[in-house]
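Residues per chain, in single letters:
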Amino acid sequence: KFLGMQRKDLQERLLFWGSMPSAFGYYLYLKYGHLTHHKSVGDAQSASLKQLFESDQKDFEDGDVLFVAHRMKLKGEVGPTFRVGGKDVTMSISKTGFSAWKDGRPIRNALAFAASFMYERFMLTINDAVVAVTGRNYFFPNKPQQFHEECAK
């Protein structure tokens, strides 16, 4: 015990409040992805964006895959995929932003990075509200209930 709290409770609270202020991503990364940090980047069979979004594991297979797609060409398929109007639609804001980069155009690349990063953070902030109201993170539909409960906390 420390300050009258169990160690695990203290760690959870420190992790949660220490990642604030945050527009979604960092708490989930620290909670579910940091221990797998760099584990499979570059291995399309182990940790593609598609696999991370479709995974039914509580922890991310490689937490870095979600956070380097803005600035690094990743192998494998992208995700998440949503069903909209009877069609499967695959989207990746970070991958779309990164694919706008051009060799030898640093200012264009910096603008593409900044625009896609800000847009993604804006969308993640909206997702935070959806998760808070519904108790579910729809970007990760196959994750176990415990994951969704943590997201909605």
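Residues numbered from 1 in each chain as written. Predicted model: local features only at pLDDT ≥ 70, side-chain atom pairs only at ≥ 80, totals over all residues. Heavy atoms only, no water.

S.K.: Where do I start with the overall build of the chain in this structure?
M.R.: Each helix and strand in the chain was counted, giving 7 helices and 2 strands. Going from the N terminus to the C terminus, the chain shows its helices and strands as α-α-α-α-β-β-α-α-α. Out of the 153 residues belonging to the chain, those deemed buried represent 36%. At a minimum sequence separation of 6, the contacts of the chain that also span at least 24 residues come to 56%. (Helix = DSSP H or I, 4+ residues; strand = E, 2+ residues; numbered from the N terminus. Buried < 20%, exposed > 50% of the residue type's maximum accessible area, 1.4 Å probe, protein only. Contact = heavy atoms within 4.5 Å.)

S.K.: I would appreciate a short explanation of a nonpolar patch on the surface in the present structure.
M.R.: Taken together, the side chains of Y119, F122, I126, V130 and Y138 make up a nonpolar region of the molecular surface, amounting to roughly 490 Å² of accessible area. Of note, V130 is situated in helix 6 (residues 106-134). You can call V130 partly exposed: its relative accessible area is 34%. (Patch = residues over 30% accessible without salt bridge, like charges linked within 9 Å, V, L, I, M, F, W, Y side chains within 5 Å. Areas by Shrake-Rupley, 256 points an atom, 1.4 Å probe, with all protein chains shown as cover. Salt bridge = Lys/Arg side-chain N within 4 Å of Asp/Glu carboxyl O.)

S.K.: Looking at this structure, how should I read the packing of aromatic side chains?
M.R.: How two aromatic rings sit relative to each other is set out by the distance from centre to centre and by the angle between their planes. The tally for this structure, following the rule as stated, stands at 3 aromatic pairs. Ring centres 5.6 Å apart and planes at 15 degrees place the aromatic pair F113 and F117 in the stacked group. With a gap of 4 residues between them, F113 and F117 both fall in helix 6, about one helical turn apart. Since its relative accessible area comes to 28%, F113 is described here as partly exposed. Centroid distance F140 to F147: 5.5 Å. Interplanar angle 75 degrees. Geometry classified as edge-to-face. A residue is classified by how much of its surface remains accessible, and F147, at 0% relative accessible area, is buried. Members of the aromatic cluster, each reached through a chain of ring pairs, are F53, F140 and F147. Over the ring of F147 we find K143, and its NZ or CZ is 5.5 Å from the ring centre. (Phe/Tyr/Trp six-rings, centres within 6.5 Å; stacked < 30°, edge-to-face > 60°. Lys NZ or Arg CZ within 6 Å of the ring centre and 35° of its normal.)

S.K.: Quick question: what am I supposed to make of helix 7 (residues 145-152) here?
M.R.: Restricting attention to buried positions, one finds in helix 7 the residues F147, H148, E150 and C151. Each buried residue of helix 7 sits inside an arc of 160 degrees when the element is viewed along its axis, so together they form one side. (Arc of directions from axis to C-beta.)

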